[in-house]
Each structure stands twice: as structure tokens, then as C-alpha cells.
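Descriptive structure summary
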Amino acid sequence: MAKEGAQRAEETEQMIEKEGGKGAAEGSAGGSMRAGDAKEMRAVVLSAFGGLNKLRVSKRAMPEPQEGELKIRVKACGLNFIDLMVRQGNIDNPPKTPLVPGFECSGIVETLGDSVKGFEIGDRVMAFVNYNAWAEVVCTPVEFVYKIPDDMSFSEAAAFPMNFVTAYMMLFEVANLREGMSVLVHSAGGGVGQAVAQLCSTIPNVTVFGTASSFKHEAIKDSVTHLFDRNADYVQEVKRISTDGVDIVLDCLCGENTGKGLSLLKPLGTYILYGSSNMVTGETKSFFSFAKSWWQVEKVNPIKLYEENKVIAGFSLLNLLFKQNRGGLIKGVMDKLLSLYNSKKIKPVVDSLWALEEVKEAMQRIHDRGNIGKLILDVEKAPTPLMANDSTETSEAGEEEEDHEGDNENKERMPFIQ
């Protein structure tokens, strides 16, 4: 074990030296960083809330681990719909800008903070991060870090934590999925939707109803039992197949879909809201879109829930981790999920890989609902020249582009389509 650890440490140091950061590896061995050693890294920086032009790849000070933290040399980062909402400032109590977005990543352990146990320098890991994930180096508490199975790639690892933990928690911890039940999931072609479909397949005789844009149907038709166009009257389609409705509704859309989902629940059924993408229609935050979606939400009457024996719930993984301190619970879920992965029962679906400098294009793909599975920012990937010319150019000072005259007319040009 000691020999393997030493070999991993040597490999890690070689990798860091190649990337220009040898000083960090020397610090991890017990030495201190010398003045003049490389302490900068590349990171995606959000200069202010708003459109895609608020994103830049800039040089930032490299973080060092505090007690109980790991320092990770990042290989890949997950890109989620919540990141679009963060960019717009379309979340409760958004942090101050400038900030580095991102909540999950994978990479190699570079430095161990004081009192860290269970990990060695050179370990391949995936992690949750409370912002700051879209960078070459991150530091995060050890309770949010998990070792990667030997046959899992870094891109798959970056696609794993958010999607599969969210899907598992909703299905098994909140809704108590069991044999013979039925599930309706929106955005069936997305990262969470595909994770839901895979986890449902691990339980006998579970019927999965999914909605997605028609152009995705051929690619995902085998992952769900019944697939409907997102623009069709899916309520009537579901009731035509199952007159009583479904046992579980997983809603990431909100708006008018809240009332539709509740109407489809069987007695003792559970409706879970875990997103509100209908409230985001353009590149920037729109009060009109927010208000319209909010007023479409059916007002919940507790007496009606009582009379109809229905359950309504909400789920936010990030709040559970970073505000409600349930890291221990999530670790237990990750252990179960990794066991399912090692048994080849689940596997993250990666849509595409993007360089850090291509973050705008990657976000636009999610914005257009073009992805099937997860989009990944590959830290080591070189940007496509045509994209780099019209995208996030590396900035030493992190200056942001000014909105060009007439841009406001195009802010709503890309409505979300599932």
C-alpha cells in the first residue's frame, strides 16, 4: 500500500510539473510554498449576473486546503441546468460576483489538508464543491469527496454525483419506489432523466413515463417504457395507458406542469419538484417569465391533499449538502450508487465534452435543450478554433465584455425547448 501510494504521489507530481504547478506538489509533501512559485490557475469566472457575455476564463489565485479539505487537480467538471440559473442570478440568495461557478468535478488528489484521512495523494476522485468547481484546482471538505472506480473515466465521474444522487434520493428516499410502481419524469433525455430511467430499471416491473422533445426519442426510446413529446397532451396520454395515473411524478419544469403532475397522482402518490426551468426562457433573467410561470402554478390546498391522499414534496441536493449538513447521508447514497455502477447496472450518459473556453457554447446547448445526458467541461481539452474566436477568451484581469447596442433585442431569442 505504501509503495502504491508513493508511486501515485510520484505520478501526480510529474503531472503537476508538466502543467506548471510543481510548487503545489512540493507543498503537499510538507514544504511551504516559496514566494514566486506558480500560484495561479485558469478558471471560468462569472463577472456579474446576466447573459453569456458575463463569463470569462481568467487567471485566479490557486486555493490551498484548509483543515479537513482536499486539494484536487481537476480533470473534468459537470455542467447542470442550475448553473444557468446561477449565471442569471435566478436563485434564492445568490452569492456576490465575481465568482467561479460549478458544483461538481473529478480529478486527482494533489494535497491533503490537516486531519484528512481515507485518501492519498494521487487518488482519482469525484467531488461536490460549493461553487468554484470550474477551475483547474479546487479545495473541498473531505466529506464531499468520493473515490472513482478504476474503470470510470474522469468525464463519467464528473457526470455522476449530481445526477445520480438527485435521482436516487427522489426515487428511494422521498418517494419510496418499490416493485410494480410507475414514474413520470420530465426532461427524460437530460442527465437526471437518464439517471432516473436507469435506477428505475434496477427495480422489477417499474413503468417509466417520460417527456422529451421528439428529436430525442430515437436515442432514448429504450430507456423508458412510454415516451411522449413534451408539447403533446401528456396528461391524457398517460391516463389512456394508466387510467389511475402514476405513483411518482418528478418535475423539473414547474409552472403549469405542477397542476398537471398533481392531477396524475394515484392515491398515496408523491409529486416531487426539483427544478423550475419553465421560469427561465431567455439568456438573461426575465421578471415576466418568472411571474408568468409562478401564476401558472396551481395553488396547493392542504385539505385537498388530505382528501385525495396525495403527497407533495421538494428536493434540492445542493441545499441538503451545503445548507442542511447532510453530507453523511449523501455519502451512504454514493456508496450504494457506486455499488450499482460496479455491478454494471447504471452508467452515466455523457453528451459531449467542452473546453473551459467553450463554456458559453456548452451553456447554449443546455439552453436549447439539445443535450442527451450530461455536458462536461474538460479542463485539458483545447478549444475548437472557431469557437474560441467567438467565445470565452482567456483574460488576465477578468475584464468583461460590454453589451453591444441592440443585444437586448436578442436576449429572449433562445426559448427553452425540451
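Analysis parameters
Residues numbered from 1 in each chain as written. Predicted model: local features only at pLDDT ≥ 70, side-chain atom pairs only at ≥ 80, totals over all residues. Heavy atoms only, no water. Core = buried A, V, L, I, M, F, W, Y, C linked by side-chain atoms within 4.5 Å. Buried < 20%, exposed > 50% of the residue type's maximum accessible area, 1.4 Å probe, protein only. Helix = DSSP H or I, 4+ residues; strand = E, 2+ residues; numbered from the N terminus. Contact = heavy atoms within 4.5 Å. Pairing = 2+ DSSP bridges. Axes fitted to C-alpha atoms, helices over the stretch in contact; angles between N-to-C directions. Salt bridge = Lys/Arg side-chain N within 4 Å of Asp/Glu carboxyl O. Disulfide = S-S within 2.5 Å. Phe/Tyr/Trp six-rings, centres within 6.5 Å; stacked < 30°, edge-to-face > 60°. Lys NZ or Arg CZ within 6 Å of the ring centre and 35° of its normal.

Observations regarding the nonpolar core
Among the nonpolar cores identified, the biggest contains 101 residues, and Phe128, Trp134, Phe160, Leu199, Leu250, Ile330 and Leu337 are the most heavily contacted of them. Residue contributions to this core peak at 9 residues, all from helix H5 (residues 161-174). Aside from chain neighbours lying at most four places away, what touches phenylalanine 160 is Glu104, Met126, Met152, Val165, Met334, Leu337, Leu338, Tyr341, Ile346 and Pro348.

What to know about the environment of alanine 133
You can see alanine 133 is positioned in the loop between strand E5 (124-128) and strand E6 (137-141). Taking the C-alpha atoms as reference points, alanine 133 and cysteine 77, separated by 56 residues in sequence, lie 6.6 Å from one another. Filtering out sequence-adjacent residues up to four positions away, alanine 133 remains in contact with Val74, Cys77, Val100, Pro101, Gly102, Phe103, Glu104, Cys105 and Val138.

Section: the sheet that holds strand E11 (residues 246-251)
Reading across the sheet, the 6 strands line up as E10-E9-E8-E11-E12-E13 and stay open at both edges, with parallel pairing between neighbours. In the strand order of this sheet, the two ends are held by strand E10 (226-229) and strand E13 (311-314), each with one partner. Strand-to-strand twist of the sheet, defined as the mean angle between neighbouring strand axes without regard to direction, takes the value 15°. As paired elements, strand E12 (residues 265-273) and E13 share 4 bridges and run parallel to each other. Within E13, the position partnered with tyrosine 271 by the bridge is isoleucine 312. Running at roughly 170° to strand E8 (residues 182-185), helix H6 (residues 191-200) makes contact with E8, strand E9 (207-212) and E11 of the sheet.

Some thoughts on the pattern of salt bridges
The final tally for this structure, using the stated rule, is 17 salt bridges. In this structure, glutamate 237 engages arginine 240 in a salt bridge whose closest nitrogen and oxygen atoms are separated by 3.0 Å. Separated by 3 residues within a single helix, glutamate 237 and arginine 240 lie in helix H8 (residues 234-241), roughly one turn from each other.

Let's talk about the state of the cysteines
Throughout the structure, instances matching the rule amount to 0 disulfides. Cysteine 77 provides the cysteine sulfur closest to cysteine 105, a residue in no disulfide bond, and the two sulfurs are 6.1 Å apart. Residue cysteine 105 is classed as buried on the basis of its relative accessible area, which comes to 0%.

Side note on the packing of aromatic side chains
Enumeration according to the criterion identifies 7 aromatic pairs in this entry. Seen from their ring centres, phenylalanine 144 and phenylalanine 322 are 5.1 Å apart, and the 85° between their planes marks the pair as edge-to-face. Taken as a pair, phenylalanine 144 in the loop between E6 and strand E7 (145-147) and phenylalanine 322 in helix H12 (residues 317-322) lie far apart in primary sequence, 178 residues in all. Both rings, one in phenylalanine 160 and one in phenylalanine 164, keep their centres 4.9 Å apart while their planes meet at 25°; by these two values the pair is stacked. As far as burial versus exposure is concerned, phenylalanine 160 and phenylalanine 164 are alike and both buried. Clustering of aromatic rings is evident, with ring pairs tying together Phe160, Phe164 and Tyr341. Over the ring of phenylalanine 154 we find arginine 124; its NZ or CZ atom is 4.7 Å from the centre of that ring.

Structural measurements only, silent on function.
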